[in-house]
Amino acid sequence: MTEQQLRQKVADKMTSWVGATKGSAKHAEILKIYNDHRPLARGYKMKVNDAYCAATVSAAWIACGLAPYTGTECGVEKFARIAQDKGIWVENDAHVPKLGDAVVYDWQDTGVGDCTGAGDHIGIVTKPGATSFVVTEGNMTGGKTGTRTLQVNGRYIRGFITPDYAAIAKALGGASIPTDTDPDTTGKSIEEIAREVIAGKWGSGTDRRNRLQAAGYAYTTVQAKVNEILGKGTAQAGTAYTVGKNNEETLFNFCREVLGLNIAGAVGVITNVAKESNFQTGALGDGGTSFGICQWHAGRYTNLKTWCSSNGKDHTALDGQMWYMKYELEHSYSAVLQYIRSVPNTAAGAHDAAARWCMKYEIPANTAATAEARGALARDTYWPKYSGTGAAAAKPTTPASTKAVSAEKFDRSLAGTYIVTPNIGANIRLGPSTAHGIIKAVSKGTKVSNYGYYSIRGGVKWYYIRLGATVGFISSTCLKKI
């Protein structure tokens, strides 16, 4: 399949849904494609009455095999941030989009200058043009899927998501891309192939995807079956997970394929396990009261043994410990799981995943300092290793000094004292994004001062704050004025 054929396939899929209304068969098809995809964005399953414009774009990209390259979302502004993290966001209202690109709207746009507000709506370009273009969108007025014509550089354009269709087609070997609706003509059932995947016969990551698609299998269908086989019920009894040449690689693959984490999230987990146990399943700590890859302590150690015994697992083996980790995350630490599933797939995301896992799942002594050290290790060592970016490229682009960049905007009404609200705390950064280096980690309840200065990135205000002698940026989403 060529780049243009792939673009057309996306456009055709969107066009096939024109006329859908909430509760109709076409609407049900959109929601099923979105809800059946794994990992499910935010772990949230779309409901019939939900606004579904972002889910429609996601469903089209899922159905056509683009989801690993575009991400998926049910929220427009979050979708735009994912695109920014992936480097496929165009911050230019005057951009002339191509077939298959997505356009993000901001209904508060005045039409004067470049719009930098929050995204409200999204659709996919199904008929491009030099001066105007047609967009197909879900959840238009009345909950319908339909089309509208926009002028290039017209009002309400927030920006564009522009997947690299040429690179995607090349990565897929130029072959036809099977989707969830394509029939299986290769002889083996999807369950047979899924069990071969679990046994490690199809490799992992991108290599697995390419090999499955080259053989004529719809990757998302096979992966869904893998997840189903490995994740039936909460007991996880039966199938052992052994995809990897050593404990580290197996745990990484488990995080990606069973927990549904992106690379950054998985890196956050394995960084902590490396420091807790060096991936040794029999590791003992705290005078023999902590055990295993995650150093489960006291009552959690007892719970590990009890759960494994009840579910046919060996608590001293990696398989038993990984499945118990999943059980514990889903039942006692769901907020941690939700957070690391949502981090951007970047070096900064790996840092944040590692720090959050440390502070809220491992909870070692000197928690804040340890969390920051592990975040740095994830960002600078494990992220380059698993993302293939190389150590130099993986480090965030920050100034060599520790002086924060200047704020870009001023609003006197923002001046005042703020309190840090997240349970995990927040990071004071050198600039207004998670790509900037961390000056200092602060805990929940910390008071900081803002004198009205701020910058905006991805529609989010980053306040320029002071804490004692420390000056830098904190996202407004982490602060509450008092």
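Since the model is a prediction, treat every value here as computed from it, not as a measurement.

J.: I'd like a description of the overall build of the protein chain, backed by residues and values.
T.: A count of helical and extended segments in the protein chain gives 17 helices and 17 strands. Counting every position in the protein chain, which comprises 482 residues, the buried fraction comes to 51%. Considering only contacts in the protein chain between residues 6 or more positions apart, those separated by 24 or more positions represent 62%. Of the roughly 20,400 Å² of accessible surface on the protein chain, 51% is carried by carbon and sulfur atoms.

J.: Tell me about the side chain of His27, and name the residues and values.
T.: Along the chain, the position of His27 falls in helix H2 (residues 25-36). Setting aside residues up to four positions removed in sequence, His27 forms contacts with Ala20, Thr21, Lys22, Val48 and Tyr52.

J.: Help me get a handle on the layout of surface pockets, residues and values and all.
T.: Put simply, the second largest pocket is a space of about 190 Å³. Along its surface, the second largest pocket is lined by 13 residues, and Glu276, Asp286, Gln295, Glu362 and Ile363 are the ones closest to its centre. Going through the elements one at a time, strand S9 (296-297) and helix H15 (347-362) are the ones with two or more residues in the lining of the second largest pocket. Taken together, the residues that form the lining of the second largest pocket break down as six nonpolar, three polar and four charged.

J.: Any details on the packing of aromatic side chains? Residues and values, ideally.
T.: Aromatic ring pairs are described here by two measures, namely the spacing of the ring centres and the angle between the planes. The full count for this structure, using the stated rule, is 16 aromatic pairs. Judged by centre distance (4.1 Å) and plane angle (25°), the rings of Phe252 and Tyr386 are stacked. Of this pair, Phe252 sits in helix H10 (residues 247-257) while Tyr386 sits in helix H16 (residues 367-387), and the two are 134 residues apart along the sequence. For Phe252, a relative accessible area of 8% corresponds to the buried category. The buried category is assigned to Tyr386, whose relative accessible area is 19%. Taking the centre distance of 4.3 Å and the plane angle of 40° together, the rings of Trp357 and Tyr361 count as tilted. A residue pair is termed a helical-turn pair when its members lie 3 or 4 positions apart in one helix, as Trp357 and Tyr361 do in helix H15 at four residues. Three or more aromatic residues joined by ring pairs make a cluster, and in this case those are Trp296, Trp307, Tyr324 and Tyr327. Sitting over the face of the ring of Tyr339, Arg356 holds its NZ or CZ atom 3.5 Å from the ring centroid. A cation over an aromatic ring shows up here: Lys461 above the ring of Tyr454, its NZ or CZ 5.2 Å from the ring centre.

J.: An account of the sheet that holds S9 is requested, with residue identities and associated values reported.
T.: In space, the three strands of this open sheet follow the order S7-S8-S9, with antiparallel pairing throughout. Lying at the two open borders of the sheet, with one neighbouring strand each, are strand S7 (284-285) and S9. Examined bridge by bridge, S7 and strand S8 (residues 290-291) share two bridges and lie antiparallel to one another. Paired with Gly285 across the strands is Ser290, a residue of S8.

J.: Hey, could you go over the sheet that holds strand S1 (residues 89-90) for me, with residue numbers and the actual values?
T.: In spatial order, the strands read S1-S6-S2-S3-S4-S5; together these six strands make up an open sheet with antiparallel pairing. Of all strands in the sheet, those with a lone pairing partner are S1 and strand S5 (144-151), marking the two edges. Summarising the sheet, strand S3 (residues 121-127) and strand S4 (residues 132-140) pair through three bridges and their orientation is antiparallel. Paired with Val125 across the two strands is Val135, which belongs to S4.

J.: Describe the confidence of the model for the protein chain, listing the residues and the values that go with them.
T.: Any region with low pLDDT has predicted coordinates that should not be read closely. Mean pLDDT for the protein chain: 83, with 85% of residues reaching 70 or above. Considering only residues more than four positions removed or in separate chains, one finds that residues 231-238, a stretch of pLDDT under 50, has 15 contacts. Across residues 389-401, confidence stays below pLDDT 50; counting only partners more than four residues off in sequence or on other chains, it has 22 contacts.

J.: Can you explain the nonpolar core? Please cite residues and give values.
T.: Formed by 47 residues in total, the largest nonpolar core has its most connected members in Trp296, Met325, Leu329 and Tyr361. Every element with two or more residues in this core is listed here: H10, helix H11 (263-277), helix H12 (299-310), helix H13 (318-331), helix H14 (334-342), H15 and H16. No other element matches the eight residues that H11 contributes to this core. In this structure, Tyr361 is in contact with Cys294, Trp296, Arg300, Met325, Glu328, Leu329, Tyr333, Val336 and Arg356, ignoring residues within four places of it in sequence. Cys53, Leu66, Cys74 and Val76 belong to the second-largest nonpolar core, a separate cluster that totals 38 residues.

J.: Which residues make up the packing of H15 against H16, and what values go with them?
T.: Direction vectors running N to C along H15 and H16 enclose 145°, while the axes themselves pass 7 Å from each other. For the pair H15 and H16, the sense of crossing is right-handed. Side by side, H15 and H16 meet where Ala347, Ala350, His351, Ala354, Ala355, Cys358, Met359 and Glu362 of the first sit next to Thr367, Ala368, Thr370, Ala371, Glu372, Arg374, Gly375, Ala376, Ala378, Arg379 and Trp383 of the second.

J.: A description of the packing of H11 against H16 should follow, citing residues and the corresponding values.
T.: Interhelical geometry of H11 versus H16 gives an angle of 120° and a closest axis separation of 9 Å. Taken together, the axis directions place H11 and H16 in an arrangement best described as oblique. Considering how the two elements wind past one another, H11 and H16 form a crossing that is right-handed. Judged by residue contacts, Ile263, Ala264, Val267, Ile270, Thr271, Asn272, Ala274, Lys275 and Glu276 of H11 engage Arg374, Leu377, Ala378, Tyr382, Trp383, Tyr386 and Ser387 from H16.

J.: Break down helix H3 (residues 53-63) for me, with residues and values.
T.: Counting buried residues in H3 gives eleven out of eleven residues, a clear majority hidden from the surface. Those residues of H3 that fall on the buried side of the exposure criterion are Cys53, Ala54, Ala55, Thr56, Val57, Ser58, Ala59, Ala60, Trp61, Ile62 and Ala63. Directly beyond the C-terminal end of H3, a positive phi value near 85° is found at Gly65.

Reading the values: rules and limits
- Residues numbered from 1 in each chain as written.
- Predicted model: local features only at pLDDT ≥ 70, side-chain atom pairs only at ≥ 80, totals over all residues.
- Heavy atoms only, no water.
- Helix = DSSP H or I, 4+ residues; strand = E, 2+ residues; numbered from the N terminus.
- Buried < 20%, exposed > 50% of the residue type's maximum accessible area, 1.4 Å probe, protein only.
- Contact = heavy atoms within 4.5 Å.
- Areas by Shrake-Rupley, 256 points an atom, 1.4 Å probe, with all protein chains shown as cover.
- 1 Å grid on protein atoms, 1.4 Å probe; cavity = no way out; pocket = protein on both sides within 12 Å on 5 of 7 lines; lining within 4 Å.
- Points joined across faces, edges and corners; volume = space filled by probe spheres on them.
- Nonpolar A, V, L, I, M, F, W, Y, C, P; charged D, E, K, R; others polar.
- Phe/Tyr/Trp six-rings, centres within 6.5 Å; stacked < 30°, edge-to-face > 60°.
- Lys NZ or Arg CZ within 6 Å of the ring centre and 35° of its normal.
- Pairing = 2+ DSSP bridges.
- pLDDT = per-residue confidence, 0-100.
- Core = buried A, V, L, I, M, F, W, Y, C linked by side-chain atoms within 4.5 Å.
- Axes fitted to C-alpha atoms, helices over the stretch in contact; angles between N-to-C directions.
- Left-handed = near helix turned anticlockwise from the far one by under 90°.
- Parallel < 35°, antiparallel > 145°, perpendicular 65-115°, else oblique.

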